[in-house]
Amino acid sequence: MKILKIITLSLFMLSVSSVSAVETNSKCNGSKVMRIGVAVGGAYEQFQKQFVYIANALRNDGYLNLKQDLPDSFVFDDLEQWKVFAENSKGGCVEFSTDALYVLGWEKSDRIQKKKEIISELKNKDKIDLLIAIGSTAGMDFSDDSLGIPVVVTGLIVGTGQSFTEQGEFSTKPNLHVQKQPKRYKTELSLFYELFKPTVIGVLADIDPEQFNRHGNRELMESAKELGYKVYLCKGKISEISEYSRCIKDLAINSDAVILAGGNGVDIENFYDQIKPLIDAQIPTMSRINNEMVKRGSLLGVSEESPESSGKYEARVIEQIYNGKKISEISQYYYAPLKLSLNLKVANLIEWKPPFEVIVATDDVYREIKR
């Protein structure tokens, strides 16, 4: 019953307020047009989805002038697709600038130079009124108010955002709004711990401090103290497939449960082979981001039930800024509606029989491993 209570509170009570930014009706402020640019670290499927959902929410709220919703297949960081989209977005309350798409790259040294160029360009040419920074890599690059315009950071998967901004529901920086999911990671960890009571939870930890915090590892350390388990970190450049795979083998030896990070180090097409050392060692795993990882070999996964709600949340933030609300008055807390997924084939391979209450609470059950 305790497990059922945790699951119920964790996955359903948190989703009562899935769009916590205040709902806004479309009322364009006279002839005012807000020009928007986008910055992103690099290509990533989740980022593509986030942008599509934000743009579609702006359109459906009547702020963005598009004839129809963007398809899920739209790739915003393809320069040609971006230019066509941006040109077609003109004529509404907000519009996207055709020459204000910035792909920063993943390497910090490259991003430092790129940031300098972007700051100089935007200040000299007055191109945009607001920047959407998709993902915490781009968010960290523009969290210092160097642009002098509002920066909206979307796509924080877990945590309080304290890796590059202060804690708290409301921003103390006049031009920075960060999407935060303050309870999500600790909730997932509590569920994972209650199911398996591991002595040591293994985690893939990027050697880059920015990436380390981005994966919610501060919350992991806090949870370990509260619940009484130890944390084993395999450190490496886990944004690379080879390093991700090396750490999987290391964790198979040094831990008895593993949290699987997402990102570019995941070789999703060969994911079963990538995490097979953990399955062979009969170690339970939980993915925090990508349901596809559960299909392909993770035992459990907790993911957003409706990523569109995150897009709606971010659109409502942008709409409020357009209508003159101060960033310090807009809540940064987003409570994602979450769903639990389970791979029964993996459960069988690691000889774990899921409790009945887990089966009942699971949204997606997979009986085979996709290879």
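Just so you know, these numbers come straight off a predicted model, no measurement behind them. (Residues numbered from 1 in each chain as written. Predicted model: local features only at pLDDT ≥ 70, side-chain atom pairs only at ≥ 80, totals over all residues. Heavy atoms only, no water.)

Asks: Please explain the pattern of salt bridges as it appears in this structure.
Replies: Any two side chains of opposite charge can pair, on the condition that their charged atoms come close. For the structure on display, the rule yields 21 salt bridges. For Asp 280, the salt bridge goes to Lys 276, with nearest N and O atoms at 3.0 Å. Of this pair, Asp 280 and Lys 276 both sit in helix H10 (residues 271–280), 4 residues apart, which is roughly one turn of that helix. Lys 276 gets classed as partly exposed once you look at its relative accessible area, which sits at 29%. The network of salt bridges with common partners includes Glu 269, Glu 292, Lys 295, Arg 296 and Lys 370. (Salt bridge = Lys/Arg side-chain N within 4 Å of Asp/Glu carboxyl O. Helix = DSSP H or I, 4+ residues; strand = E, 2+ residues; numbered from the N terminus. Buried < 20%, exposed > 50% of the residue type's maximum accessible area, 1.4 Å probe, protein only.)

Asks: Help me understand the sheet that holds strand E5 (residues 176–178), please; the structure alone is not making it clear to me.
Replies: Two orientations exist for strands paired in a sheet by backbone hydrogen bonds: parallel and antiparallel. Taking strand neighbours across the sheet as the criterion, the 5 strands line up as E2-E1-E3-E4-E5 in an open arrangement whose pairing is parallel. Pairing within the sheet leaves two strands with one partner each, and these edge strands are strand E2 (94–103) and E5. Across this sheet, the average inter-strand angle for adjacent strands is 20 degrees, counted without regard to direction. Inspection of the sheet shows strand E1 (residues 34–40) paired to strand E3 (residues 130–134) by 5 bridges, in the parallel sense. Along E3, the bridge assignment pairs Ala 39 with Ala 133. Sitting on the sheet, helix H12 (residues 307–322) touches E1, E2, E3, strand E4 (151–154) and E5, and the angle it makes with E4 is about 170 degrees. (Pairing = 2+ DSSP bridges. Axes fitted to C-alpha atoms, helices over the stretch in contact; angles between N-to-C directions. Contact = heavy atoms within 4.5 Å.)

Asks: Would you explain the pairing of E3 in this entry?
Replies: Along a regular strand, successive side chains alternate from one face of the sheet to the other. Within E3, 5 of the 5 residues are buried, which leaves the element mostly enclosed by the surrounding structure. The alternating pattern of E3 places Leu 130, Ile 132 and Ile 134 and Leu 131 and Ala 133 on opposite faces, both of which are buried. Bridge analysis of E3 against E4 gives 4 bridges, and the strand direction is parallel. Among the inter-strand pairings, Ala 133 is bridged to a residue of E4, identified as Val 153. Between the parallel pair E3 and E4, the chain is carried across by helix H5 (residues 136–141), and the sense of this crossover is right-handed. (Right-handed = clockwise from strand over helix to strand, strands pointing away.)

Asks: Just to check I follow, could you spell out helix H9 (residues 241–254) for this structure?
Replies: Because the α-helix completes a turn every 3.6 residues, residues three or four places apart line up on one side. For H9, with 14 residues, the first-to-last C-alpha span of 20 Å sits near the 20 Å given by 1.5 Å per residue. All buried positions along H9 are accounted for by Glu 243, Tyr 244, Ser 245, Cys 247, Ile 248, Leu 251 and Ala 252. Next to the buried residues of H9 lie strand E6 (200–206), strand E7 (230–236), strand E8 (257–260), H10 and helix H11 (291–295). (Expected span 1.5 Å × (residues − 1).)

Asks: It is not clear to me how the nonpolar core should be interpreted in this structure. Could you clarify?
Replies: Of all hydrophobic cores here, the largest spans 86 residues; its most connected members are Phe 51, Phe 76, Phe 85, Phe 96 and Leu 260. The element best represented in this core is helix H2 (residues 45–60), accounting for 8 residues. Not counting residues within four places of it along the chain, the set of residues in contact with Phe 96 comprises Ile 36, Val 38, Phe 51, Leu 58, Leu 64, Trp 82, Phe 85, Ala 86, Ser 89, Lys 90 and Ile 132. By size, the runner-up hydrophobic cluster in this structure holds 18 residues, among which are Leu 104, Leu 122, Phe 142 and Leu 147. (Core = buried A, V, L, I, M, F, W, Y, C linked by side-chain atoms within 4.5 Å.)

Asks: I tried to follow the state of the cysteines on my own but got confused; where do I start?
Replies: Scanning the entire structure with this criterion turns up 1 disulfide. Across the disulfide, Cys 234 is cross-linked to Cys 247 (sulfur-sulfur distance 2.1 Å). Looking down the S-S bond of the Cys 234 and Cys 247 bridge, the torsion is -80 degrees, so its handedness is left-handed. Pair noted here: Cys 234 is in strand E7 and Cys 247 is in helix H9, with a separation of 13 residues, a long-range link. (Disulfide = S-S within 2.5 Å.)

Asks: What's the story with the environment of Lys 114 in this structure? I'm lost.
Replies: With respect to the element layout, Lys 114 can be found in helix H4 (residues 108–125). When the C-alpha positions of Lys 114 and Val 103 are compared, they lie 8.7 Å apart, and in sequence the two are 11 residues distant. Discounting residues that sit within four places of it in the chain, Lys 114 has contacts with Val 103 and Leu 104.

Asks: Can you help me understand unusual backbone geometry in this one?
Replies: The phi torsion of most residues other than glycine is negative, and most of the peptide bonds are trans. The phi torsion at Lys 197 lies on the positive side, around 45 degrees, for a residue other than glycine. Take Lys 197: it is sitting in the loop between helix H6 (184–196) and E6. Notably, Gln 282 is not glycine yet its phi reads approximately 55 degrees, a positive angle. Residue position: Gln 282 is located in the loop between H10 and strand E9 (285–287).

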